[in-house]
Amino acid sequence: MSIGHTFLGLLESGPRHGYDLKKTFDDRFGHARPLHYGQVYATLSRLLKDGLVELDGVEPGEGPERKRYAVTSAGVSDVELWLASAEKPEPYLQNTLYTKVILALLTGRSAADLLDVQRAEHLRLMRELTRRKAGGDLADNLICDHALFHLDADLRWLELTAARLDDLRRQVRA
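Quick caveat, the model's predicted, so the values are computed rather than measured. (Residues numbered from 1 in each chain as written. Predicted model: local features only at pLDDT ≥ 70, side-chain atom pairs only at ≥ 80, totals over all residues. Heavy atoms only, no water.)

**Comments concerning the confidence of the model for the protein**
As a general rule, the predicted coordinates of low-pLDDT regions are not to be interpreted in detail. When pLDDT is averaged along the protein, the result is 91, and 98% of the positions lie at 70 or above. Across the protein, the secondary-structure element scoring lowest on mean pLDDT is strand E3 (residues 63–71), at 89, and the one scoring highest is helix H3 (residues 37–49), at 96. (pLDDT = per-residue confidence, 0-100. Helix = DSSP H or I, 4+ residues; strand = E, 2+ residues; numbered from the N terminus.)

**Remarks on the sheet that holds E3**
Taken in spatial order, the 3 strands make up an open sheet running E1-E3-E2, and their pairing is antiparallel. The open sheet terminates on both sides in strands that have one partner only, identified here as strand E1 (16–17) and strand E2 (53–61). Examined bridge by bridge, E2 and E3 share 7 bridges and lie antiparallel to one another. Counterpart to Val53 in the pairing with E3 is Val71. (Pairing = 2+ DSSP bridges.)

**What about the nonpolar core?**
Judged by nonpolar contacts, the single largest core of 16 residues is most densely connected at Phe7, Leu8, Leu44 and Leu47. Of all the secondary-structure elements, those providing two or more residues to this core are helix H1 (3–11), helix H2 (18–28), H3 and E3. Sorting elements by how many residues they give to this core places H1 first, with 5 residues. In contact with Leu8, other than residues within four places in its own chain, are Leu47, Leu52, Val53, Val71, Gly75, Asp78 and Val79. Counting 15 residues, the second largest nonpolar core, distinct from the first, contains Ala104, Leu105, Met126 and Leu155. (Core = buried A, V, L, I, M, F, W, Y, C linked by side-chain atoms within 4.5 Å. Buried < 20%, exposed > 50% of the residue type's maximum accessible area, 1.4 Å probe, protein only. Contact = heavy atoms within 4.5 Å.)

**As for the packing of H1 against H3**
The N-to-C vectors of H1 and H3 enclose an angle of 75 degrees; their axes lie 10 Å apart at closest approach. Judged by the angle between their axes, H1 and H3 are roughly perpendicular. Contacts between H1 and H3 involve Ile3, Gly4, Phe7 and Leu8 from the former and Gln39, Val40, Thr43, Leu44, Arg46 and Leu47 from the latter. (Axes fitted to C-alpha atoms, helices over the stretch in contact; angles between N-to-C directions. Parallel < 35°, antiparallel > 145°, perpendicular 65-115°, else oblique.)

**A short note on the pattern of salt bridges**
Enumeration according to the criterion identifies 13 salt bridges in this entry. Across the salt bridge formed by Glu128 and Arg124, the nearest N and O atoms sit 2.8 Å from each other. Of the two residues, Glu128 and Arg124 both sit in helix H6 (residues 111–134), 4 residues apart, roughly one turn of that helix. Given the relative accessible area of 34%, Arg124 is considered partly exposed. Across the pair Asp145 and Lys133 runs a salt bridge whose closest N-O atoms are separated by 2.5 Å. Here Lys133 lies in helix H6 and Asp145 lies in helix H7 (residues 138–163), a separation of 12 residues in the sequence. Here the residues in one salt-bridge network are Asp56, Glu59 and Arg68, joined through shared partners. (Salt bridge = Lys/Arg side-chain N within 4 Å of Asp/Glu carboxyl O.)

**A word on the UniProt feature "domain: Transcription regulator PadR N-terminal" (unreviewed entry) in the protein**
Within this structure's numbering, the places UniProt gives as "domain: Transcription regulator PadR N-terminal" (unreviewed entry) are residues 8–76. Between the first and last C-alpha atoms of residues 8–76 the distance is 7 Å; the span itself is 46% helix and 29% strand. (UniProt positions renumbered as here; feature names shortened; annotations may be inferred.)

**Considerations on the pairing of E3**
Looking at chain direction, E1 and E3 are connected through 2 bridges and run antiparallel. When the sheet's bridge partners are listed, Arg16 is paired in E3 with Tyr69. The hairpin formed by E2 and E3 contains 1 residue between the paired strands.

**Concerning the packing of H1 against H2**
Their axes nearest at 11 Å, the elements H1 and H2 cross at an angle of 105 degrees. One element, H1, and the other, H2, form an angle in the roughly perpendicular class. For the pair H1 and H2, the contacting residues are Ile3, Thr6, Phe7, Leu10 and Leu11 in the first and Leu21, Thr24 and Phe25 in the second. Residues belonging to the contact of H1 with H2 are distributed by class as follows: 6 nonpolar, 2 polar and no charged. (Nonpolar A, V, L, I, M, F, W, Y, C, P; charged D, E, K, R; others polar.)

**Some points on H1**
The buried fraction of H1 amounts to 8 of the 9 residues, a majority that puts the element mostly inside the structure. Taken as a whole, H1 has its buried residues at Ile3, Gly4, His5, Thr6, Phe7, Leu8, Leu10 and Leu11. On its buried face, H1 sits against E1, H2, H3, E2, E3 and helix H4 (73–84).

In structure tokens:
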């Protein structure tokens, strides 16, 4: 995800402080990985340097001064281009789980056990996301559905791989 583009889009509704941007970002997009303050201010600094945001004011606060940022017309154009461009689909051809299965087979360890442990972890996370959906709004439901569909595809891959382990073991050790 492009944090910079997300900040620019959030600033289109009006100027904000870094703290407000972080809070809105975390509430809307950062459920699993909230932003660190350093990341917020480094991103704002870069956007300012690139002319995509400007300082709209500085206010005294309980500590350092609070800078208020506003999106520039160049920033609005940048967001428009970003929103209009397709994201590159991720084919997942180089995946840690795949690597672990192959290494387990190469080293004589149990790939079946590895797949069982991974299946249990996927199911645990799917149950957690399903509970989250029950108490969430439409936006929360959509992001949970996105994650659940990916986890479901992973589960199908785990089952397929488990069914093919004997053949895969022979090929890998040949």
